[in-house]
Amino acid sequence: GENVEQHPSTLSVQEGDSAVIKCTYSDSASNYFPWYKQELGKRPQLIIDIRSNVGEKKDQRIAVTLNKTAKHFSLHITETQPEDSAVYFCAVATTTSGTYKYIFGTGTRLKVLA
Amino acid sequence: NAGVTQTPKFRILKIGQSMTLQCTQDMNHNYMYWYRQDPGMGLKLIYYSVGAGITDKGEVPNGYNVSRSTTEDFPLRLELAAPSQTSVYFCASSLKNTEAFFGQGTRLTVV
């Protein structure tokens, strides 16, 4: 089945610096790659996503890049702010054997130091 | 639209008891999922469904059962609760290749 690896598990950056989180996946049939942010005690919420026909997508300070050949995608946050501190999850949506499921990475705890 | 609604928000069970976590969505989403999230950990897929009448096991299905009799509802059943099932449970729903919307979660403690 699909395996999603996420690195690093924790990341501390100074306010204003950039943060990069990387995910790799195993199933070449995967075709949708969202990123979620989860604040303490809250539900995960989508921050950006990318589909398999696109290599890069940007939304203000957040960008996602996808390399389907290498089966990896990355989240880039520029000009980090204290409110960016949270746990970030990548996810992969896979269609195999006529079914469809969403598998999450193990998460990255981002701390932005003021 | 209420989105995805989970009940209860909190529950304490004794070892060996059973319970059903309710999940309903009003967005007419085909796909629904149940995840568990242990403290400081990621989201593990328990069961998922691609439509009414169809369910499949995810990564950690042991000790759980689901049903999907309607598009809207996807209850998760715990039989013979064990301490290892202490976790936060999230239900989610989506269309294909689009955002998954999560319920607010159920914090379950088994003592």
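Refer to the structure printed above.
Caption draft 1: View of the sheet that holds strand β1 (residues 4-7) of chain A. All names here are of chain A. The strand order β1-β3-β8-β7-β6 describes an open sheet built from five strands, whose pairing is antiparallel. At either margin of the open sheet sits one strand with a lone partner, and together these are β1 and β6 (56-59). Shown here is a sheet whose adjacent strand axes are inclined to one another by a mean of 15°, direction ignored. Where strand β7 (residues 62-67) meets strand β8 (residues 72-77), six bridges bridge the pair, whose relative direction is antiparallel. Across the sheet, Asn-67 pairs through a bridge with His-72, a residue of β8.

Caption draft 2: Quick look at the pattern of salt bridges. All names here are of chain A. For the coordinates displayed, the defined rule picks out five salt bridges over all chains. The salt bridge involving Lys-57 is made with Asp-49; its shortest N-O contact spans 2.8 Å. Owing to a relative accessible area of 35%, Lys-57 belongs among the partly exposed residues under this scheme. Taking the shortest distance from any N to any O, the salt bridge between Arg-61 and Asp-84 comes out at 2.9 Å. Remark: Asp-84 occurs in the loop between β8 and β9 (86-96) and Arg-61 occurs in the loop between β6 and β7; sequence separation between them is 23 residues. For Arg-61, a relative accessible area of 23% translates into the label partly exposed.

Caption draft 3: Representation of the interface of chain A and chain B within the structure. Taken together, the 21 residues of chain A in the interface contact 25 residues of chain B. Approximately 1900 Å² of surface area, both sides summed, lies buried where chain A meets chain B, with 56% of it carried by carbon and sulfur atoms. Summed over the shared surface of chain A and chain B, the number is zero salt bridges. For the pair chain A and chain B, the number of links is nine residue pairs in polar contact (both at pLDDT 80 or more). Elements represented by at least two residues in the side of chain A that touches chain B include exactly β4 (30-38), β5 (45-51), β9 and β10 (99-104) of chain A. Here the side of chain A that touches chain B takes six residues from β10(A), the largest share from any one element.

Caption draft 4: Representation of the packing of aromatic side chains. The full count for this structure, using the stated rule, is 18 aromatic pairs over all chains. On the basis of an interplanar angle of 55° and a centroid distance of 5.0 Å, the ring pair of Phe33(A) and Phe73(A) is categorised as tilted. With a gap of 40 residues between them, Phe33(A) in strand β4 and Phe73(A) in strand β8 connect regions that are remote in the sequence. Accessibility classification places Phe33(A) together with Phe73(A) in one group, the buried group. Each ring, one from Phe89(A) and one from Phe104(A), has its centre 6.4 Å from the other, and the planes form 85°; the classification is edge-to-face. One end of the pair, Phe89(A), is in strand β9; the other, Phe104(A), is in strand β10, and 15 residues separate them in sequence. With relative accessibility at 4%, the residue Phe104(A) sits in the buried group. Grouped by ring-pair contacts, the aromatic residues Tyr32(A), Tyr36(A), Phe89(A), Tyr102(A), Phe104(A), Tyr33(B), Tyr35(B), Phe90(B) and Phe102(B) constitute a single cluster.

Caption draft 5: Expanded view of the layout of surface pockets. Of the pockets and cavities examined, the largest pocket occupies roughly 700 Å³. Going through the elements one at a time, β9 and β11 (108-113) of chain A together with β9 (87-94) and β11 (106-110) of chain B are the ones with two or more residues in the lining of the largest pocket. The element contributing the most residues to the lining of the largest pocket is β11(B), with four residues. Considering only enclosed or pocket space, the second largest pocket measures out at about 200 Å³ in volume. Listing elements by their share of the lining of the second largest pocket, those giving two or more residues are β10 of chain A together with β5 (43-51) of chain B.

Caption draft 6: Representation of the state of the cysteines in the model. One pass over the structure, following the stated rule, counts two disulfides over all chains. The partner cysteine of Cys23(A) in its disulfide is Cys90(A), sulfur to sulfur 1.9 Å. Of note, the bridge from Cys23(A) to Cys90(A) carries an S-S torsion of about -95° and is left-handed in sense. Residue Cys23(A) is located in strand β3 (residues 19-25), and its partner Cys90(A) is located in strand β9; the two are separated by 67 residues in the primary sequence. For Cys90(A), a relative accessible area of 0% translates into the label buried. Here Cys23(B) connects covalently by a disulfide to Cys91(B), the sulfurs 1.8 Å from one another. With the S-S bond torsion at -70°, the cross-link from Cys23(B) to Cys91(B) turns out left-handed. Of this pair, Cys23(B) sits in strand β3 (residues 19-25) while Cys91(B) sits in strand β9, and the two are 68 residues apart along the sequence. For Cys23(B), a relative accessible area of 2% puts it in the buried group.

Calculation criteria
Residues numbered from 1 in each chain as written. Chains lettered and ligands numbered in written order. Predicted model: local features only at pLDDT ≥ 70, side-chain atom pairs only at ≥ 80, totals over all residues. Heavy atoms only, no water. Pairing = 2+ DSSP bridges. Helix = DSSP H or I, 4+ residues; strand = E, 2+ residues; numbered from the N terminus. Axes fitted to C-alpha atoms, helices over the stretch in contact; angles between N-to-C directions. Salt bridge = Lys/Arg side-chain N within 4 Å of Asp/Glu carboxyl O. Buried < 20%, exposed > 50% of the residue type's maximum accessible area, 1.4 Å probe, protein only. Contact = heavy atoms within 4.5 Å. Buried area = accessible area lost by both parts, 1.4 Å probe. Polar contact = N/O pair within 3.5 Å; in protein donor to acceptor, adjacent residues only side chain to side chain. Phe/Tyr/Trp six-rings, centres within 6.5 Å; stacked < 30°, edge-to-face > 60°. 1 Å grid on protein atoms, 1.4 Å probe; cavity = no way out; pocket = protein on both sides within 12 Å on 5 of 7 lines; lining within 4 Å. Points joined across faces, edges and corners; volume = space filled by probe spheres on them. Disulfide = S-S within 2.5 Å.

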